[in-house]
Amino acid sequence: MSTVSTVVGGISFWYAQEGTPTPREPLPGDTSVDVCIVGGGYTGLWTAYYLKKAVPFLNITVLEAKFCGYGASGRNGGWLYNGIAGRDRYAELHGHDAAVRLQKAMNETVGEVVRTAAAEKIDADIHRGGVLEVAHTPAQLARLKDFHSVEIAFGETDRVLRGARETAERVHVTGAVGSTWTPHGARLHPAKLVKGLADAVEALGVTLHESTPVTEIKPKHAVTPYGTVRAPYVLRCTEGFTASLKGQKRTWLPMNSSMIVTEPLPARIWDAIGWEGRETLGDMAHAYFYAQRTADDRIALGGRGHPYRFGSATDNDGRTRASTVTALRDLMVRLFPVTAGVHVDHAWSGVLGVPRDWCATVTLDRSTGLGYAGGYVGSGVATANLAARTLRDLIQQDSGQAGPTELTALPWVNHKVRRWEPEPLRWLGVHGMYAAYRAADRRESTSPRPGTDPVAKVADRIAGRH
Ligand SMILES: Cc1cc2nc3c(=O)[nH]c(=O)nc-3n(C[C@H](O)[C@H](O)[C@H](O)COP(=O)(O)OP(=O)(O)OC[C@H]3O[C@@H](n4cnc5c(N)ncnc54)[C@H](O)[C@@H]3O)c2cc1C
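Residues numbered from 1 in each chain as written. Predicted model: local features only at pLDDT ≥ 70, side-chain atom pairs only at ≥ 80, totals over all residues. Heavy atoms only, no water.

## Structural notes on the site of the ligand
Point 1. Of all residues adjacent to the ligand, which total 37 residues, the nearest are Thr 43, Glu 64, Ser 73, Val 214 and Val 381.
Point 2. In this structure, an oxygen atom belonging to the ligand sits 2.5 Å away from a side-chain N or O atom of Ser 73.
Point 3. Within the backbone of Gly 380, one N or O atom sits 3.0 Å away from an oxygen atom of the ligand.
Point 4. Contact with the protein chains hides 98% of the accessible area of the ligand, taken as 1000 Å² for the molecule alone.
Point 5. Of all the secondary structure elements, the ones that give two or more residues to the shell around the ligand are helix 2 (42-54), strand 5 (79-81) and strand 19 (344-354).
Point 6. A total of three residues in the shell around the ligand trace back to one element, the largest contributor, which is strand 19. (Near = heavy atom within 4 Å. Polar contact = N/O pair within 3.5 Å; in protein donor to acceptor, adjacent residues only side chain to side chain. Areas by Shrake-Rupley, 256 points an atom, 1.4 Å probe, with all protein chains shown as cover. Helix = DSSP H or I, 4+ residues; strand = E, 2+ residues; numbered from the N terminus.)

What follows is the structure, given as structure tokens:
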């Protein structure tokens, strides 16, 4: 298989397919509004959507550096699913029942996105096939069984554990020895969702200014090269790009994730692979992959690649190293040998936000009116929607329009975490962690023992994940 004519970068395949949007007009000058949202990804747009729906007279402006969906929201793997980063940590901090409420809210969020997209006539190729995660080695199988039990303990009683034969009946992944499946997931086309959402928000009467980078956020102000927006509430919705804002260099680490997509595959190949249910698909490796079968029958598959750029540098329109493209292609062929001759049409990358304790958060500081949401650590497609509805409730509560709600009482609200270490410690830490994960995956692949490799456990501890 050749990758010679693979398109690399170009923001993402999803835009190559859909067309890159022409940016809306930038901010024309200084202005005052009720709510200013910085960043036009899922977090910012869903927040604008729910706030405007709740309080139609609110004057809301979204400021977006490039165009809505330029970031991870227009580049991701299209797993709309119920995972939320940090749930187990929140159980430790706030008790098991609080974390169960958080998980339940996430389970419901999958349906909320599907329903709202339908109500707004956003056709984002959504297919509700659930999430299938497979194990390839004895160590992965042990982790998978633990993971399965933990999810059930957090209220997912509809989760199903499958053996090797049953797994192969769903999707024929070479060497899979078992899997866990949850119905709380759907496959979608990320760019179609974010474009449709931007249009829906604009149609509601929210003002979107694109090509408008915010350089600094301070209480009641968002500063741009074209003027300053003054607002009682300023919400930072910039996830993986947060480090580029003044004073936020060490807030969330911009972690890279990279993807490839094949040409549309013929029936002969799908006959060998199966995957009729179009579940989103992943595994239990430390450096795990995530994949989907697209609406037009391609495989889109992602993984970590080159995890982090020195100094929290964020983006170059999705450009991706040749070695990452080759590694992802080789991984796909290992999983599905029948794809050995197929063409990889496109490869790209994006950044997601990782807090120091790997816990997603949504926060509104009542004394300053500054809010933010993110740190979803690669599970942001559904989580951004829950965050947005929570920001709506927090603002309504703060402005006296409503009282506390179930959402404002969830344990991830107003969570505080320390900042990342300065360089070069950040770079060394992240690269060391992923080198350790890859080494652990290699050792587990040849070991008959079911336990997780100790190197991975040490890496988890150093990274602050457990
Ligand atoms: C390759 C990849 C695959 C992923 N796969 C999945 C998946 O399958 N499922 C899942 O749940 N999650 C996945 N994620 C994570 C998920 O996509 C993100 O968590 C989510 O999209 C974050 O949405 P957001 O709106 O918070 O941030 P973003 O979508 O990154 O949006 C932030 C926006 O802010 C803008 N911006 C940045 N700086 C400024 C500034 N200074 N001024 C104004 N605007 C600014 C950016 O241009 C961008 O449009 C993936 C991420 C990547 C990168």
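Next comes the rest of the description.
## Overview of the environment of Gln 103
Point 1. Note on placement: Gln 103 falls in helix 4 (residues 96-119).
Point 2. Residue class for Gln 103 comes out buried when judged on its relative accessible area of 2%.
Point 3. Spatially, the C-alpha atom of Gln 103 lies 8.5 Å from that of Glu 156, the residues being 53 residues apart in sequence.
Point 4. Residues contacting Gln 103, with those up to four places away along its chain left out, are Asn 82, Ile 84, Arg 87, Glu 151, Phe 154 and Glu 156.
Point 5. Looking at Gln 103, its side chain comes within polar contact range of the main-chain oxygen of Asn 82, at 3.0 Å. (Buried < 20%, exposed > 50% of the residue type's maximum accessible area, 1.4 Å probe, protein only. Contact = heavy atoms within 4.5 Å.)

## A look at the packing of aromatic side chains
Point 1. Per the counting criterion, the structure on display carries 13 aromatic pairs.
Point 2. Taken together, a centroid distance of 5.3 Å and an interplanar angle of 90° make the contact between Tyr 15 and Phe 67 edge-to-face. Placement of Tyr 15 in helix 1 (residues 13-18) and of Phe 67 in the loop between strand 4 (60-63) and strand 5 is noted, with a sequence separation of 52 residues between them. Take Tyr 15 and Phe 67: they sit in the same class, and that class is buried.
Point 3. An aromatic cluster of at least three residues, connected via ring pairs, comprises Tyr 15, Phe 67, Tyr 70 and Phe 241.
Point 4. Of note, Arg 75 hangs over the ring of Tyr 70, and the distance from its end group to the ring centre comes to 4.7 Å.
Point 5. For the cation-ring pair, Arg 236 lies above Trp 252, with the distance from its terminal atom to the ring centre recorded as 5.0 Å. (Phe/Tyr/Trp six-rings, centres within 6.5 Å; stacked < 30°, edge-to-face > 60°. Lys NZ or Arg CZ within 6 Å of the ring centre and 35° of its normal.)

## Structural notes on the packing of helix 2 against helix 10 (residues 383-398)
Two quantities define a packed helix pair, namely the angle between the helix axes and the distance between the axes.
Point 1. Contact geometry for helix 2 and helix 10: axes closest at 8 Å, N-to-C directions at 45°. Viewed along their axes, helix 2 and helix 10 adopt a mutual orientation that is oblique. Taken as a pair, helix 2 and helix 10 cross one another with a handedness that is right-handed. Within the contact between the two elements, helix 2 uses Tyr 42, Thr 43, Trp 46, Thr 47, Tyr 50, Leu 51 and Ala 54 and helix 10 uses Ala 384, Asn 385, Ala 388, Arg 389, Leu 391, Arg 392, Ile 395 and Gln 396.
Point 2. In terms of residue class, the contact of helix 2 with helix 10 is made up of nine nonpolar, four polar and two charged. (Axes fitted to C-alpha atoms, helices over the stretch in contact; angles between N-to-C directions. Parallel < 35°, antiparallel > 145°, perpendicular 65-115°, else oblique. Left-handed = near helix turned anticlockwise from the far one by under 90°. Nonpolar A, V, L, I, M, F, W, Y, C, P; charged D, E, K, R; others polar.)

## Some words on the sheet that holds strand 16 (residues 280-283)
Point 1. With respect to topology, nine strands assemble into an open sheet ordered 1-19-15-18-17-16-6-8-7, the strand pairing being mixed. The strands lining the two open edges of the sheet, one partner per strand, are strand 1 (7-8) and strand 7 (160-163).
Point 2. Here strand 15 (residues 253-262) pairs with strand 18 (residues 299-303) via four bridges, running antiparallel. By the bridge assignment, Val 261 is partnered in strand 18 with Ala 300.
Point 3. Sitting on the sheet, helix 9 (residues 322-335) is in contact with strand 15, strand 18 and strand 19, with an inclination near 55° to strand 15. (Pairing = 2+ DSSP bridges.)

## Thoughts on the UniProt feature "domain: FAD dependent oxidoreductase" (unreviewed entry) in the protein
Point 1. Mapped onto this structure's residue numbering, the UniProt feature "domain: FAD dependent oxidoreductase" (unreviewed entry) falls at residues 34-394.
Point 2. For residues 34-394, the end-to-end C-alpha separation is 14 Å, with 32% helix and 25% strand making up the annotated structure. (UniProt positions renumbered as here; feature names shortened; annotations may be inferred.)

## Some remarks on the side chain of Arg 278
Point 1. Secondary-structure assignment places Arg 278 in the loop between helix 8 (267-273) and strand 16.
Point 2. The buried category is assigned to Arg 278, whose relative accessible area is 17%.
Point 3. Sequence-distant contacts of Arg 278, defined by excluding residues within four places in its chain, comprise His 127, Gly 129, Arg 187, Arg 293, Thr 294, Ala 295 and Asp 297.

## What to know about unusual backbone geometry
Point 1. With an omega of 5°, the peptide bond between Glu 423 and Pro 424 qualifies as cis.
Point 2. Checked against the element boundaries, Pro 424 lands in the loop between helix 10 and helix 11 (425-446).
Point 3. One non-glycine residue, Glu 239, adopts positive backbone phi at about 25°.
Point 4. Take Glu 239: it is sitting in the loop between strand 14 (233-236) and strand 15.
Point 5. We classify Glu 239 as buried; its relative accessible area is 13%.
Point 6. One non-glycine residue, Trp 358, lies in the positive phi region at around 60°.
Point 7. Tracing the backbone through its elements, the reader meets Trp 358 in the loop between strand 19 and strand 20 (361-364).
Point 8. Taking relative accessible area as the criterion, Trp 358 reaches 7% and is therefore assigned buried.

## A few points about the domain arrangement of the protein
Size of an interface: often given as the accessible area lost when the parts come together.
Point 1. What the domain assignment lists for the protein is domain 1 (5-75 + 189-251 + 355-407) and domain 2 (123-185 + 255-354 + 425-461).
Point 2. Distance from the C-alpha centre of domain 1 to the C-alpha centre of domain 2: 28 Å.
Point 3. Every contact between the two is made by 32 residues of domain 1 and, on the other side, 33 residues of domain 2.
Point 4. Where domain 1 abuts domain 2, roughly 2600 Å² becomes buried across the two surfaces, and 57% of that area is made up of carbon and sulfur atoms.
Point 5. Our enumeration of links across domain 1 and domain 2 arrives at one salt bridge.
Point 6. Taken together, the links from domain 1 to domain 2 amount to 16 residue pairs in polar contact (both at pLDDT 80 or more).
Point 7. Among the secondary structure elements, those contributing two or more residues to the side of domain 1 that touches domain 2 are strand 1, helix 1 and helix 7 (190-204).
Point 8. Considering every element that reaches the side of domain 1 that touches domain 2, the biggest residue donor is helix 1, with four residues. (Domains from an automatic or database assignment. Buried area = accessible area lost by both parts, 1.4 Å probe. Salt bridge = Lys/Arg side-chain N within 4 Å of Asp/Glu carboxyl O.)

## Examining helix 3 (residues 87-94)
Point 1. Residues of helix 3 that are buried: Arg 87, Tyr 90 and Ala 91. For helix 3, the arc enclosing every buried residue in end-on projection is 105°, short of the 170-degree limit, so these residues lie on one face.
Point 2. Contact partners of the buried residues in helix 3: helix 4, helix 5 (138-153) and strand 20. (Arc of directions from axis to C-beta.)

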